[in-house]
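Observations on chain architecture
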Amino acid sequence: MGRAEDEVVQLTSELIQIDSQNTGELDTTTGEAEAARYVDEKLREVGFDTEVVESGAPHRQNVFARLKGADPSRPALLVHGHLDVVPFAADEWSVHPLSGSVQDGYVWGRGAVDMKDMDAMILALARQFAAEGTVPPRDLVFAFLADEEAGGAYGSHWLAEHRPDLFDGCTEALGEVGGFSVTLGEDVRVYPVMTAEKSIAWMKLRVRSRPGHGSMIHDENAVTILSEAVARLGRHRFPLVLSESVQGFFDEITQLTGIEFPTDSAAALDGAVAKLGGVARVVGATTRDTANPTMLQAGYKANVIPSVAEATVDCRVLPGRQEAFERELDELLGPDVEREWIRNLEAVETPFSGDLVDVITRAVQEEDPQAHTLPYMMSGGTDAKAFVKLGMRCFGFAPLRLPPDLDFTALFHGIDERVPVDALRFGTRVLERILLRT
């Protein structure tokens, strides 16, 4: 085998060709078993003693390997990626989502950016280190995980609860979603380091009322009561709240570009964020809590007023805002609407400081002298939520130098997902520096 940067494209392509779609339902999810077998074989081929762990359900498999470092007294670094991908409709794509096709300077397919590209970088470097007898400064724990795309109940969260021994000694973790370059103007390239995530809080709303015949006057219609509450919630704009990570992001952008981010007006701030291009869709969602209605369910016959109506709402809450958010929810919904959390994973945040951050910055600047790192918050969530519970500081940095005109954030879970070949090779070189210096 060659060096990592020489095989990372092939590994990415081969991982994409493995169908590991995660629908969020056990009976319709293929599972990660085939992808886990592939990773396990590639690691064992170069001498790793791996452990494959099934996490709470059949076919939900995870692969672990530990590379011993020079200083066993130092805390270990967890380097993690997930093997599952979101579903797709193949007829909407110009290239089949499971092709792993390498064409036009890109690797195409579902998972190319979320996150089989990073899996391939990690795998390629683990193989290189083992084959060459490389000893990193501290232990590296490589983890390839299941079920991230459905919140990690059958992946990272199960592992953190049932197999914390797999993470012994890990005080920091490096995973998704960050490290992709964003070009501002002609010569400013920023590489955001994910230091925070909003919560993942899925909520069920329920209204119970008297059933009746659809032809009669009915003043207590559960569907009407629920619909009015859902409409109020869906139109509501929660207050601006800038966390340390978001304020740090804005401060650095202002210093680099002169763009000001006024906080005395929501409209003015939104206008300033819009100047950031494609990344604005992510950044804009991190300046306030959000609650987006996504599902409605009620009734069973056209002429029957049902006794129960339900809605599902996807809430994403900023760090430290959960109690205030729930108070605001109750005021909006009113006393006739019941609510319950069906999934509630807390927001996380860590300071943009420390040796690992310094190493990340130096590593990317050596490959790209125009690079600037800065903190940012994800509007979604990752497996970091599980690892924070084990006391780790979690960062997202999957390095990619991207063409300025590529709307990269639109490719996450999108149609024609693809990653540039040159970016994969670039990222592998940067990640190698990070893992050998941290």
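This write-up is about the structure you can find in this document. (Residues numbered from 1 in each chain as written. Predicted model: local features only at pLDDT ≥ 70, side-chain atom pairs only at ≥ 80, totals over all residues. Heavy atoms only, no water.)

Observations concerning the sheet that holds strand 14 (residues 308–316)
Ordered by their spatial adjacency, four strands build an open sheet running 12-14-10-15, and the pairing between neighbours is antiparallel. Here the strands that pair on one side only, and so sit at the sheet edges, are strand 12 (290–298) and strand 15 (338–345). Averaged over all adjacent pairs, the angle separating strand axes in this sheet is 20 degrees, with direction ignored. In terms of strand pairing, strand 10 (residues 200–208) meets strand 14 through eight bridges, oriented antiparallel. Within strand 14, the residue paired with Met-203 across the bridge is Val-313. Where helix 5 (residues 222–235) meets the sheet, it contacts strand 10, strand 12 and strand 14, and its direction lies at approximately 15 degrees from that of strand 14. (Pairing = 2+ DSSP bridges. Helix = DSSP H or I, 4+ residues; strand = E, 2+ residues; numbered from the N terminus. Axes fitted to C-alpha atoms, helices over the stretch in contact; angles between N-to-C directions. Contact = heavy atoms within 4.5 Å.)

Looking at the side chain of Thr-195
Tracing the sequence through the fold places Thr-195 in strand 9 (residues 188–197). If we ignore the near neighbours within four places in the chain, the residues touching Thr-195 are Ser-245, Val-348, Glu-349, Thr-350, Phe-352, Pro-375, Tyr-376, Cys-394 and Phe-395.

Things to note about the packing of helix 1 (residues 4–16) against helix 12 (residues 421–437)
It is at 9 Å that the axes of helix 1 and helix 12 come closest, and there the two elements cross at 130 degrees. As summarised for this structure, helix 1 and helix 12 are arranged oblique, according to the angle between their axes. Our pair here, helix 1 against helix 12, has a crossing hand that is right-handed. For the pair helix 1 and helix 12, the contacting residues are Ala-4, Glu-5, Asp-6, Val-8, Val-9 and Thr-12 in the first and Val-421, Leu-424, Arg-425, Thr-428 and Arg-429 in the second. (Parallel < 35°, antiparallel > 145°, perpendicular 65-115°, else oblique. Left-handed = near helix turned anticlockwise from the far one by under 90°.)

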